[in-house]
Amino acid sequence: MKRVITYGTFDLFHIGHLNLLERLAELGDHLTVAVSTDEFNLGKGKVCSMPYDERSRIVGALRCVDRVIQEESWDQKPRDVQELGIDVFGIGDDWQGKFDHLAQYCEVVYLTRTHGISTTSLKLDIAMNADARK
Ligand code: C2G
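Below, the structure is looked at part by part. Fair warning: this is a prediction, and the values are worked out from it, not measured in the lab. (Residues numbered from 1 in each chain as written. Predicted model: local features only at pLDDT ≥ 70, side-chain atom pairs only at ≥ 80, totals over all residues. Heavy atoms only, no water.)

**Comments concerning the state of the cysteines**
Right, so step 1: For the structure shown, the criterion picks out zero disulfides.
Right, so step 2: The cysteine Cys-48 is free of any disulfide, with Cys-64 supplying the nearest cysteine sulfur at 20 Å.
Right, so step 3: Summary of cysteine pairing: Cys-64 is not part of a disulfide, and the nearest cysteine sulfur, belonging to Cys-106, is at 19 Å.
Right, so step 4: Classification of Cys-64 as buried rests on a relative accessible area of 14%. (Disulfide = S-S within 2.5 Å. Buried < 20%, exposed > 50% of the residue type's maximum accessible area, 1.4 Å probe, protein only.)

**Regarding helix H3 (residues 52-60)**
Right, so step 1: For H3, the complete set of buried residues consists of Tyr-52, Arg-55, Ser-56 and Val-59. Each buried residue of H3 sits inside an arc of 95 degrees when the element is viewed along its axis, so together they form one side.
Right, so step 2: Where H3 is buried, its residues contact helix H1 (15-25), strand S2 (30-36), helix H2 (38-43) and strand S3 (67-71). (Helix = DSSP H or I, 4+ residues; strand = E, 2+ residues; numbered from the N terminus. Arc of directions from axis to C-beta. Contact = heavy atoms within 4.5 Å.)

**Concerning the site of the ligand**
Right, so step 1: Around the ligand, 21 residues are found, and the nearest of them are Lys-46, Glu-71, Asp-94, Thr-114 and Ile-117.
Right, so step 2: Contacts to the ligand include Ser-36, whose side-chain N or O atom sits 3.5 Å from an oxygen atom.
Right, so step 3: For the ligand, a nitrogen atom lies 2.7 Å from a polar atom in the backbone of Ile-117.
Right, so step 4: Protein coverage of the free-state accessible area of the ligand, which is 630 Å², stands at 95%.
Right, so step 5: Every element with two or more residues in the shell around the ligand is listed here: strand S1 (3-8), H1 and strand S4 (88-92).
Right, so step 6: Take the shell around the ligand: its biggest share by element is three residues, from H1.
Right, so step 7: Residues that form the shell around the ligand fall into these classes: seven nonpolar, eight polar and six charged. (Near = heavy atom within 4 Å. Polar contact = N/O pair within 3.5 Å; in protein donor to acceptor, adjacent residues only side chain to side chain. Areas by Shrake-Rupley, 256 points an atom, 1.4 Å probe, with all protein chains shown as cover. Nonpolar A, V, L, I, M, F, W, Y, C, P; charged D, E, K, R; others polar.)

Next up, the structure:
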């Protein structure tokens, strides 16, 4: 069984997230997604619109996702890869090169981001639409 893992916040879940997860699922037989906890996100300078339990439930409900774990620190990846018997680590290419050090434990792939959408742009759209309705 070929096991794949990825990490992310997945706030305001959108088509860019789904495209990535479905493409990662195609790379193997089992996909684990480590969803960033609210505390870890604060360390990333991110304030989420949705709390961890909602973000993790949405990701876990996807047909292409087999397991959800917590992402609590930057340096848990080597342990996760070894303990979970991961064959492939994948993530969007906005992280290109940042996780090459994992190549000693597993294959590392960077997949093209979906252009034209991001959690930040969604937040701005929502805020602008709210203003327009005033
Ligand atoms: N993504 C994408 N296309 C977009 C937006 C996001 O492919 N338009 C991908 C990102 O590249 C990432 C995943 O979706 O692989 C989740 O994105 P975020 O929720 O923004 O997660 P991020 O802040 O990149 O956290 O340890 C790694 C970090 O936790 C990654």
